[in-house]
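Working through the structure, step by step
So the chains spell out like this:
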Amino acid sequence: MREFRAGLASVLAHVTGKVSSERGSEQGSAVFVGAHRRPEVVVMSVEQYEALVRAAARREAVAEALASVRAEGLEPTLDGLDVLEGIASGRMEQDEGIAALRARHQQ
């Protein structure tokens, strides 16, 4: 931890992607900090943190939607599961998924 405090400015520059890393790790990546080779905390940019929060919220919303459908005694189609996976992974926005499912069921 002592080394972390001494090098805080360079750690912050690393996690925000403002300097290259001498260890070859990806610029803008999170930094693990700990003692005795055991990570205890993670330092990351606000952008990285917000992306993790958004991803967790998407996964939670998809899990709740799937649980609601199954609570009604229904099982989503493979297309429906694909759309839910797309939303959970961030490849697809919720509105896009709804539109895709409506279009498939109108055919």
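Residues numbered from 1 in each chain as written. Predicted model: local features only at pLDDT ≥ 70, side-chain atom pairs only at ≥ 80, totals over all residues. Heavy atoms only, no water.

As for the overall build of the chain
Within the chain, the regular secondary structure consists of five helices and two strands. Start at the N end of the chain and walk to the C end: the helices and strands fall as α-α-β-β-α-α-α. Going through the 107 residues of the chain one by one, you find that 21% of them count as buried. Counting only carbon and sulfur atoms, one obtains 53% of the accessible surface of the chain, whose full area is about 8400 Å². (Helix = DSSP H or I, 4+ residues; strand = E, 2+ residues; numbered from the N terminus. Buried < 20%, exposed > 50% of the residue type's maximum accessible area, 1.4 Å probe, protein only. Areas by Shrake-Rupley, 256 points an atom, 1.4 Å probe, with all protein chains shown as cover.)

Here's the deal with the confidence of the model for the chain
The predicted coordinates ought not to be read in detail in places where the model reports low pLDDT. With 90% of its residues at a pLDDT of 70 or more, the chain shows a mean pLDDT of 85. When pLDDT is averaged over each helix and strand of the chain, the minimum, 71, is found for helix 1 (residues 2-6) and the maximum, 94, for helix 3 (residues 46-71). (pLDDT = per-residue confidence, 0-100.)

Things to note about the environment of arginine 2
Summarising the element assignment, arginine 2 is placed in helix 1. Looking at arginine 2, the relative accessible area reads 67%, which means it is exposed. Sequence spacing of arginine 2 and glycine 34 is 32 residues, and the spatial spacing of their C-alpha atoms is 9.9 Å.

Remarks on the side chain of serine 29
In this structure, serine 29 sits in the loop between helix 2 (8-15) and strand 1 (31-35). The residues touching serine 29, leaving out its near neighbours within four places in the chain, are His14, Val15 and Gln48. (Contact = heavy atoms within 4.5 Å.)

Regarding the nonpolar core
Formed by Val62, Leu66, Val83, Leu84, Ile87 and Ala88, the largest nonpolar core amounts to six residues. Elements represented by at least two residues in this core include exactly helix 3 and helix 4 (78-89). The greatest single-element share of this core, amounting to four residues, is contributed by helix 4. Once you skip the residues sitting within four places of it in the chain, valine 83 turns out to touch Met92, Gly97, Leu101 and Arg104. The next biggest cluster of nonpolar side chains, apart from the first, holds five residues, and it includes Val11, Val15, Val33 and Val43. (Core = buried A, V, L, I, M, F, W, Y, C linked by side-chain atoms within 4.5 Å.)

Some remarks on unusual backbone geometry
Most peptide bonds take the trans configuration, and most residues that are not glycine carry a negative phi. Unusually for a residue other than glycine, histidine 36 sits at a positive phi of about 55°. Inspection of the secondary structure assignment puts histidine 36 in the loop between strand 1 and strand 2 (38-43). Using a relative accessible area of 78% as the deciding quantity, one classes histidine 36 as exposed. The phi dihedral of arginine 37 is positive, around 65°, even though this residue is not glycine. When you line up the elements, arginine 37 lands in the loop between strand 1 and strand 2.

Here's the deal with the pairing of strand 1
Relative to strand 2, strand 1 is paired through five bridges, and the arrangement is antiparallel. What sits directly across from phenylalanine 32, in strand 2, is valine 42. Between strand 1 and strand 2, which pair antiparallel one after the other, the connecting turn spans two residues, and histidine 36 there sits at a positive phi close to 55°. (Pairing = 2+ DSSP bridges.)

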